[in-house]
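Coordinate analysis (summary)
Okay, here's what each chain looks like letter by letter:
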Amino acid sequence: TFHFHPLAIEDALRESHIPRVDDWGPYLYLVFTTIDFDPVTDDARLHELDIFLGQNFVVTYHIEPLTVVEQHRRNIERDPRNRLRHGADHSLYHLLDLAVAEFMPALEHLDEAIDAAQAEVFDEPTPRTLQDIFRVKRTAVRVHRTLSPMREVLNRLARDPYDQVVEAHRVYFRDVYDHVVRLHDVSESLRDLISGALDTYLSVVSNRTNEIMKTLTLVSVMFLPMSFLAGFFG
């Protein structure tokens, strides 16, 4: 029906997980990423969303149900006239905007988790604290690596002269691009904060170990005269 190139279809089925945009002439092929965050385990599940954008169509492909796609569908069904009258590229803007908006609650929760870890480090650090720090750090790094190519995709949609994107609508993609830039900066600061929390934990544990060794050394020095007398008369 749409005459998609077999290589573009193969890329969609391959699940590359790297956001990008390819110009295939009559249509654009985009790879974008959505996030499903679990606040209990601090785990970010990233899902690939493949999109084909033409002059009068938007085709999406994903291997499992995605919240942003279902929400976008419901928004269109509630008000199809206003949602579709601006064209396919404007509909794509709304879809990408929903996908980007999902990242902010995840970053906010990671920020709260880092604050809790820092407070625990200063109060009573335990091996569980170190596990929490590494778990949050792993999630923050994954989100940061995802936001970088997403920023490039939106930058190209906002600036490159694609036939499928009306020039007047590029400003909308630039707005989403600004949101991703802010999210990228927040994720960068989160990585610095979690690295600082890890350094603080190691420093606190090292100081505690030094205090224990100092106590053991004092005890050994106290018993040294008795050990000498016992050894001498023995």
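The following paragraphs examine the structure supplied in this document. (Residues numbered from 1 in each chain as written. Predicted model: local features only at pLDDT ≥ 70, side-chain atom pairs only at ≥ 80, totals over all residues. Heavy atoms only, no water.)

Some remarks on the overall build of the protein
Short version of the rule: Here a strand is any run of E in DSSP of at least two residues, a helix any run of H or I of at least four, and the numbering for each starts at the N terminus. The atom set for the radius of gyration is the C-alpha atoms, and the globule formula is 2.2 Å times the number of residues raised to the power 0.38. When accessible area is computed with a 1.4 Å probe and restricted to protein chains, residues below 20% of their type maximum are described as buried, those above 50% as exposed, and intermediate ones as partly exposed.
The helix and strand tally for the protein stands at seven helices and four strands. When the elements of the protein are put in sequence order from the N terminus, they spell out α-β-β-β-β-α-α-α-α-α-α. Computed over its C-alpha atoms, the radius of gyration of the protein comes to 27 Å, more than 25% above the 17 Å expected for a compact globule of 234 residues. The burial tally for the protein puts 38% of its 234 residues in the buried class.

Points about the packing of aromatic side chains
Two aromatic rings, taken as a pair, are described by how far apart their centres are and by the angle between their planes. Test applied: Each pair of aromatic rings taken from Phe, Tyr and Trp, with Trp reduced to its six-membered ring, is defined by centres within 6.5 Å and is described as stacked if the planes are under 30 degrees apart, edge-to-face if over 60, and tilted in the remaining cases.
Enumeration according to the criterion identifies nine aromatic pairs in this entry. Judged by centre distance (5.1 Å) and plane angle (40°), the ring pair of Y93 and Y172 falls under tilted. Within this pair, whereas Y93 is found in helix α4 (residues 88-101), its partner Y172 is found in helix α7 (residues 170-233), the two being separated by 79 residues in sequence. Exposure remark for Y93: the relative accessible area of 12% places this residue in the buried category. Plain terms: the ring middles of Y93 and F173 are 6.4 Å apart, the flat faces sit at 80° to each other, and that makes the pair edge-to-face. Of this pair, Y93 sits in helix α4 while F173 sits in helix α7, and the two are 80 residues apart along the sequence. Like Y93, the residue F173 is buried in the burial classification. Here a set of aromatic residues connected by ring pairs shows up, and it is made of F2, F4, Y27, Y29, F52 and F57.

Remarks on a nonpolar patch on the surface
Cut-off, in case you're wondering: A patch is a set of surface residues, each over 30% in relative accessible area and not in a salt bridge, joined within 9 Å for like charges and within 5 Å for the nonpolar side chains Val, Leu, Ile, Met, Phe, Trp and Tyr. In these tables, accessible area is a Shrake-Rupley quantity obtained with a 1.4 Å probe, and a residue counts as shielded only by the protein chains included in the view. A side-chain nitrogen of Lys or Arg and a carboxyl oxygen of Asp or Glu constitute a salt bridge if their distance falls within 4 Å.
Taken together, the side chains of V219, M222, F223 and M226 make up a nonpolar region of the molecular surface, amounting to roughly 440 Å² of accessible area. Mapping M222 onto the fold places it in helix α7.

Quick word on the side chain of D89
Formally: As used throughout, the charge tally considers Lys and Arg to be positive and Asp and Glu to be negative, leaving His and the chain termini uncounted. Polar contacts, as counted here, are pairs of nitrogen or oxygen atoms within 3.5 Å of one another; within protein the pair requires one atom able to donate a hydrogen and one able to accept it, and residues that are adjacent in sequence qualify only if both atoms are side-chain atoms. Any two residues having at least one pair of non-hydrogen atoms within 4.5 Å are treated as being in contact.
Topologically, D89 is positioned in helix α4. No salt bridge is formed by the buried D89. Its closest oppositely charged neighbour is R170, at 8.1 Å. Here the side chain of D89 touches H169 through a polar contact of 2.9 Å, side chain to side chain. Contacts of D89, omitting those with residues within four sequence positions, involve L53, Q164, V165, V166, H169 and F173.

Details of unusual backbone geometry
For H3, which is not a glycine, the phi torsion comes out positive at approximately 60°. Along the chain, the position of H3 falls in the segment before α1 (6-14).

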